[in-house]
Amino acid sequence: EDHIFHQEESPSSPHVVIFPLPIQGPINCMLKLAHLILYSSQSTISVTFLTTDFIRRRLDLNSTFRSVTTTNYGPHIRFETVPDLVGPDEDPRGSRHVAELTRFMEDQAKAEGSRLREVLAYGSTEAELKKPVTCIIADGLYGCMADVAQELRLPLVYMETISPCGLWTYICLPNMLQAGELPFQGKEDLDAAITSVPGMETYLRRCDLPSFCRAYDPNNPVIKLILNEAKNFPRAQGHIFNTFDKLEGDYFPHIQASCPNLYNIGPLHLNLKCRMIQHKATNSYSNSLWLEDRSCLEWLDAQPPKSVLFVSIGSIAVMTWDQLMEFWYGLVNSKTRFLWVRRPCLIIGLSDEEVESRALGVAEEVLVGTKERGCIVSWAPQEEVLAHEAIGGFLTHSGWNSTLESIVEGVPMICWPCLADQQANSRLVSKVWKNGLDMKDSCNRVVVEEMIKELMETKRDELLVRANEMAKLAAEAVAKGGSSYNDLNRLLNDIKLMKF
Ligand code: UDX
């Protein structure tokens, strides 16, 4: 059923092709966007989701996204895939670097006559399934799509799957270089203020910039991609942000100045949930690339309200075995209950089997503390976990999806950012939104223990006040008449009218 358009559709009706990066965060976001478009447009807009064979395989194996049903109509997302670099048994993070995957996809998009380019133009390579695309929605990191869309004479909207604050630090890289604030060397004076990112002058420091700034090398493939992204940002007809107006700060008007047409339709997952309820959709679903271990929900059911710290560093970030030990000791010594996601391929240089066998040999007191107060899973139904009443805090890598999911549920955070926009996100959490604590650049069992105690005990009440206020703002944004609700409607109307 996935593969057929509605019969009543005319060949000229709107048809968007959604083109995410082939990694968990963006896939999750953009699948939600695909569903939002289908639900909210009552399927009057056709949606083709263009991803890789590997991602499709993982979704088929692990996610339940295909089981969405409504009482009124069935949303259909057509999946089109292209081959990628990843072997059938590789972990999605695997040995492939994000930059390598992105470049590989970009090369295909640029190549005339390639399968990917054909799908971008017609949604399919098969004659009977072709239907001219009327709008491309691509991940903002695909800078080359500005050229490709122009060549195909199609309107382009970028979907920014990272945070606006993080994206703004990307876009300002040329500013910072010009102002001489970049490059700086290694770990020297990481607290030094950064003043050439407009709107963030009062709180941004070197350590809050993306980690690649610490060893700034213009030949670093990630930096090349990001400079290209910054250059092409103003060329799209619009940008979709997974945020809501009241979350955004003084830097946001500066983003708007480079591209006036912004759609703030987040938090996406909450917006989708509300639209599904509105349309009497019954099933919930996940977009996970790994199999969710739902037994942790039963474990949570048996814990007191707001007593458990949820610990996860997302889908890409990795840590060393020594860092894992610091976290482990910190968690156990804090005497707090914890639910910890230890994802496959989490530890640098060790196979999952090696990690497992080393873990059996840690000190008895750690094993006993874990058994008494902890639950460890390899992948959790995170949105449901954060919504569970037993959860009192979230030790997170500050990925943008995780941050928003935590905000929606009013869960205060300890941030341990690793890469990309995460450094900036954690700064906003601790300094601007004040709904969490920033533990960046520190991985020490004593610090972990102390921060957990602050989060769960001494600073709990003040953090909870802010977290609850923000949760309320998020809910208002997606409710009927709210800013994200209205921006989504505007996006849908614009998609229907958009011309090159
Ligand atoms: C990547 C980048 O690392 C991040 O900086 C950027 O903001 C988005 O893309 P990722 O590591 O995938 O992020 O983290 P995040 O954005 O937080 O997304 C992880 C997603 O996986 C979340 O939606 C979360 O709910 C889900 N998840 C995570 C699970 O469903 N189960 C888990 O056990 C862990």
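Look above for the structure.
Residues numbered from 1 in each chain as written. Predicted model: local features only at pLDDT ≥ 70, side-chain atom pairs only at ≥ 80, totals over all residues.

What should I look at first to understand the overall build of the protein chain in this one?
A count of helical and extended segments in the protein chain gives 20 helices and 13 strands. In terms of overall dimensions, the protein chain has a C-alpha envelope of 65 × 55 × 45 Å along the principal axes. Out of the 500 residues belonging to the protein chain, those deemed buried represent 48%. Long-range pairs, those at least 24 residues apart, make up 74% of the contacts in the protein chain with a sequence separation of at least 6. (Helix = DSSP H or I, 4+ residues; strand = E, 2+ residues; numbered from the N terminus. Buried ≥ 20, exposed ≤ 12 C-beta atoms within 10 Å, placed from the backbone. Contact = placed C-beta atoms within 7 Å.)

Which parts of the structure should I look at to understand the sheet that holds strand E6 (residues 238-241)?
Paired through their backbone hydrogen bonds, the strands of a sheet run either parallel or antiparallel. Judged by pairing direction, the sheet is parallel, and its seven strands sit side by side in the order E3-E2-E1-E4-E5-E6-E7 without closing on themselves. Of all strands in the sheet, those bounded by a partner on one side alone are strand E3 (77-82) and strand E7 (262-264). Strand after strand, the sheet turns through a mean of 20° between neighbouring axes, direction not considered. Sheet topology note: the strand E1 (residues 15-19)/strand E2 (residues 46-52) ladder contains four bridges and is parallel. Looking at E2, one finds that Val 16 is bridged to Val 47. (Pairing = 2+ DSSP bridges. Axes fitted to C-alpha atoms, helices over the stretch in contact; angles between N-to-C directions.)

Looking at this structure, how should I read the site of the ligand?
Taken together, the neighbourhood of the ligand is formed by 25 residues, with Gly 25, Gly 314, Gln 382, Gly 399 and Ser 402 sitting nearest. Among the secondary structure elements, those contributing two or more residues to the shell around the ligand are helix H1 (24-40), helix H15 (382-387) and helix H16 (400-409). Among the elements that make up the shell around the ligand, the one with the highest residue count is H16 (four residues). For the shell around the ligand, the residue count by class is nine nonpolar, 13 polar and three charged. (Near = placed C-beta within 6 Å. Nonpolar A, V, L, I, M, F, W, Y, C, P; charged D, E, K, R; others polar.)

Honestly, the environment of Leu 346 in this entry has me stumped. Any pointers?
Mapped onto the elements of the fold, Leu 346 is located in the loop between strand E9 (337-341) and helix H13 (352-360). Of the residues examined, Leu 346 has 19 C-beta atoms within 10 Å and is grouped as partly exposed. Not counting the four nearest positions on each side in its chain, Leu 346 is found in contact with Val 318 and Met 319.

Explain the packing of helix H12 (residues 321-333) against helix H14 (residues 364-373) here, please?
Describing two packed helices takes the angle between their axes plus the distance from one axis to the other. Look at H12 against H14: their axes get within 9 Å of each other, and the N-to-C directions meet at 60°. Put simply, H12 runs oblique to H14. In the crossing of H12 with H14, the sense of the turn from one axis to the other is left-handed. Contacts between H12 and H14 involve Trp 328, Tyr 329 and Val 332 on the former and, on the latter, Val 366, Gly 369 and Thr 370. Grouping the constituent residues of the contact of H12 with H14 by class yields four nonpolar, two polar and no charged. (Parallel < 35°, antiparallel > 145°, perpendicular 65-115°, else oblique. Left-handed = near helix turned anticlockwise from the far one by under 90°.)

I tried to follow the environment of Phe 104 on my own but got confused; where do I start?
Among the structural elements, Phe 104 can be located in helix H3 (residues 98-110). Separated by 20 residues in sequence, Phe 104 and Asp 84 have C-alpha atoms that sit 7.6 Å apart. The contacts of Phe 104, once residues within four sequence positions are left out, are Asp 84 and Leu 85.

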